[in-house]
Amino acid sequence: MELPAGWVWARLEELLSEPLVNGRSVKTMEGGFPVLRLTALKSEGVDFSEHKAGAWTAEQAAPFLAARGDFLLSRGNGSRRLVGRGALVHHTPLAAAFPDTMIRVRAHPDAITPGYLKHIWDSPLVRNQIENSARTTAGIYKINQGVLHNIGLPLPPLAEQHHIVEALEDHLSRLDTAERLTSRAVARARRLGEAISSITLGHDVPVGGPSAPPPASAGADDGLLPDIPPSWSWKRLGDIADVVGGVTKDKQKQSDPTIPEVPYLRVANVQRGWLDLSEVSAIRVPRTKALHLALRYGDVLLNEGGDRDKLGRGWIWEDQVPGAIHQNHVFRARVRQDVIHPKLLSWYANGAARWFEVNGNQSVNLASISLSKIRQLPVPVPPRDIQGVIVERIERQLSILGTAAALSQQALAKAKTLRRALLDRAFTGRLVPPMPVDEPASVLLERVRAEHEASGRKAKRTSRRTSADTEAPRPASPDTVQQELPL
């Protein structure tokens, strides 16, 4: 990758005013010294409100205090995309130390500006180096000081760094605003979708007017049920549908080739209002069991367990995968005698999250609801002659809303691509016009090196060929949408 005139490749180690510092592990103690949480690292900067009280004194914490201009990095994360993410300390509203989950970077003010370091750290060039160097232990991706020392950075003269940061932040602020407004639109669309998929919408009962009586008590906490017209009726799910649990995986059977293998649906396949069939697993079960649990067109699938907000969520089966069955964490409700349209049942169950939360069970990590309890779900049943009209109304409105939501998601995806394109241009010298070079970056880098050597810190020099051609990888090429960027 060829750099503009006056730029030079440098390793992070060469640009430090002080050596990198790993934070220190400290126990929580009420009234102790403030210690930042990992959640304090945010894109806009370090959030000092995200802290706990640590069991150490101010004297013990002193070597690990976060100061203005520091750049704090996460040492590990369960996601490769998040390991090494950093945040800049813009100000210090209170004295706080950083923990062992972070590494402190103090850049030399005569070599690299804090803003330039912050933005280039988010660029594809640096992220690719970190993600390719991260190592995983027990599912946690980690980086160390050795990896960070060798991160290659394209370094412009200081004046040009300020110019790049100013232009970049102007573009990014407008992009941030657009993303924020679009994300709000997506969230509003989701809430609106929940509202318009209510099967009772448009069938309100006037205050004090006649309404259908609630279902008989059956040992469930129904809470406050909505009033429905007297021509409708409340039924328990078990009264209008055959509800059964799925198959439990038997490890011994999975190694027996004489037992037939069939596709089966897991909790991950059963989403709220749709089925994710991008990855359908297979399981070995006896033929009689497979026939008994085989899904039929119109079956309603309801989740039995998982996170608390997943209880009862689901959608209808439309024979997408022949011969499929379902696991024990997914219930199947098969409506009897066409009492209610399966879509109406599924829409209502998806909107009854509160009922499932109240009537479910919560363990340390998972929530669940029993088969006997889900059979007690109260379901409003409209007259048959209007069920088709309700289904048509909901599908029509959801289709319109889905189109708008899809456009918003496309806009968010494009914004992500534009962000990468901005960062790519900024750090390849194509975001702002080149500036007259009073002092090339190579000169300031040699000055910082000399200072390091005088202080006894001898950072390993990088040869011109290694710096430009080997250690500092070329940034990921932005998509062609980069051409549309209004710069």
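Conventions used here
- Residues numbered from 1 in each chain as written.
- Predicted model: local features only at pLDDT ≥ 70, side-chain atom pairs only at ≥ 80, totals over all residues.
- Heavy atoms only, no water.
- Helix = DSSP H or I, 4+ residues; strand = E, 2+ residues; numbered from the N terminus.
- Buried < 20%, exposed > 50% of the residue type's maximum accessible area, 1.4 Å probe, protein only.
- Contact = heavy atoms within 4.5 Å.
- Areas by Shrake-Rupley, 256 points an atom, 1.4 Å probe, with all protein chains shown as cover.
- Lys, Arg positive; Asp, Glu negative; His and termini not counted.
- Charge placed at Lys NZ, Arg CZ, Asp CG, Glu CD.
- Pairing = 2+ DSSP bridges.
- Core = buried A, V, L, I, M, F, W, Y, C linked by side-chain atoms within 4.5 Å.
- Patch = residues over 30% accessible without salt bridge, like charges linked within 9 Å, V, L, I, M, F, W, Y side chains within 5 Å.
- Salt bridge = Lys/Arg side-chain N within 4 Å of Asp/Glu carboxyl O.
- Phe/Tyr/Trp six-rings, centres within 6.5 Å; stacked < 30°, edge-to-face > 60°.
- Expected span 1.5 Å × (residues − 1).

Participant: Where do I start with the overall build of the protein chain in this structure?
Facilitator: For the protein chain, the count of helices and strands is 14 helices and 27 strands. The proportion of buried residues among the 487 residues of the protein chain is 45%. Once local pairs closer than 6 in sequence are excluded, the contacts in the protein chain between residues at least 24 apart make up 79%. Per element, the accessible surface of the protein chain, about 24,800 Å² overall, is 52% carbon and sulfur. Mean positive and mean negative side-chain charge positions of the protein chain (62 and 53 charges, respectively) differ by 4 Å.

Participant: Any chance you could explain helix α3 (residues 124-133) here in plain terms?
Facilitator: An α-helical turn contains 3.6 residues, so a residue and the one three or four places further along point in the same direction. Burial runs high along α3: seven of the ten residues are buried. Of the residues making up α3, those classed as buried are P124, L125, V126, R127, Q129, I130 and E131.

Participant: Even after reading the chapter, I still don't get the sheet that holds strand β8 (residues 76-77), so can you show me in this structure?
Facilitator: Strand-to-strand pairing in sheets goes through backbone hydrogen bonds, with the strands running parallel or antiparallel. The strand order across the open sheet formed by three strands is β8-β12-β11, and the pairing between neighbours is antiparallel. Lying at the two open borders of the sheet, with one neighbouring strand each, are β8 and β11 (135-137). Examined bridge by bridge, β11 and strand β12 (residues 140-142) share three bridges and lie antiparallel to one another. Bridge pairing links R135 to K142 in β12.

Participant: Help me understand the nonpolar core in this model?
Facilitator: Ranked by internal contacts, the top residues of the largest apolar core, which has 50 residues, are L12, W121 and L153. When residues of this core are assigned to their parent elements, the largest contribution, six residues, is made by helix α5 (residues 158-196). When residues no more than four places from it in sequence are discounted, the contact partners of L12 are V105, L117, W121, L148, H149, I151 and L153. Residues L225, V300, W347 and A352 belong to the second largest nonpolar core, which totals 46 residues.

Participant: Honestly, the sheet that holds strand β26 (residues 367-368) in this entry has me stumped. Any pointers?
Facilitator: As summarised here, the arrangement of the three strands in space is β21-β26-β25, forming an open sheet in which the pairing is antiparallel. Unpaired on one side and paired on the other, β21 (305-306) and β25 (361-362) mark the two borders of the sheet. As defined by bridge partners, β21 adjoins β26 across two bridges and the pair is classed as antiparallel. Residue pairing across strands places G306 opposite A367, the latter belonging to β26.

Participant: Help me out: how do you make sense of a positive patch on the surface in this one?
Facilitator: A cluster of basic residues, R180, R184, R188, R190 and R191, forms a positive patch at the surface. Note on placement: R190 falls in helix α5.

Participant: Looking at this structure, I do not really get the packing of aromatic side chains. What am I missing?
Facilitator: Two aromatic rings are characterised by how far apart their centres lie and by the angle between their planes. Applying the stated rule across the entire model yields seven aromatic pairs. When the ring of W234 is compared with that of Y348, the centres are 6.3 Å apart and the planes differ by 70°; the resulting orientation is edge-to-face. Linking W234 in strand β14 (residues 233-236) with Y348 in helix α9 (residues 342-350), this pair joins segments that are 114 residues apart in sequence. A relative accessible area of 8% means that W234 is categorised as buried. A residue is classified by how much of its surface remains accessible, and Y348, at 15% relative accessible area, is buried. A centroid spacing of 5.3 Å and a plane angle of 85° characterise the contact between W355 and F356, whose relative ring orientation is edge-to-face. No difference in accessibility class separates W355 from F356, as the two residues are buried. One aromatic cluster is present, built from ring pairs that chain together W56, F64 and F98.

Participant: In this structure, what is going on with helix α13 (residues 441-454)? I would like to understand it.
Facilitator: Look at α13: 20 Å from first C-alpha to last across 14 residues, which is about the 20 Å you get at 1.5 Å a residue. Downstream of α13 by one or two residues, G456 has phi in the positive range, about 90°.

Participant: Looking at this structure, I do not really get the environment of I112. What am I missing?
Facilitator: One can find I112 in the loop between β10 (102-105) and α2 (114-121). Sequence spacing of I112 and H162 is 50 residues, and the spatial spacing of their C-alpha atoms is 9.5 Å. If near-sequence neighbours (up to four positions away) are discounted, I112 is found in contact with L15, A107, L117, L153, L155, L158 and Q161.

Participant: Got a minute to help me understand the pattern of salt bridges in this structure?
Facilitator: Two side chains that carry opposite charge are able to pair once their charged atoms sit near each other. Enumeration according to the criterion identifies 19 salt bridges in this entry. A salt bridge links R106 to D70; the nearest nitrogen and oxygen atoms lie 2.7 Å apart. Remark: D70 occurs in the loop between α1 (58-61) and β7 (71-74) and R106 occurs in the loop between β10 and α2; sequence separation between them is 36 residues. Like D70, R106 is buried. The closest approach of N and O atoms between D176 and R419, which form a salt bridge, is 2.6 Å. Note that D176 is positioned in helix α5 and R419 in helix α12 (residues 384-426), a separation of 243 residues in sequence. Judged by relative accessible area, which is 31%, D176 ranks as partly exposed. For R419, a relative accessible area of 23% gives the class partly exposed. Among the charged side chains, a network of salt bridges with common partners joins E18, D70, R104 and R106.

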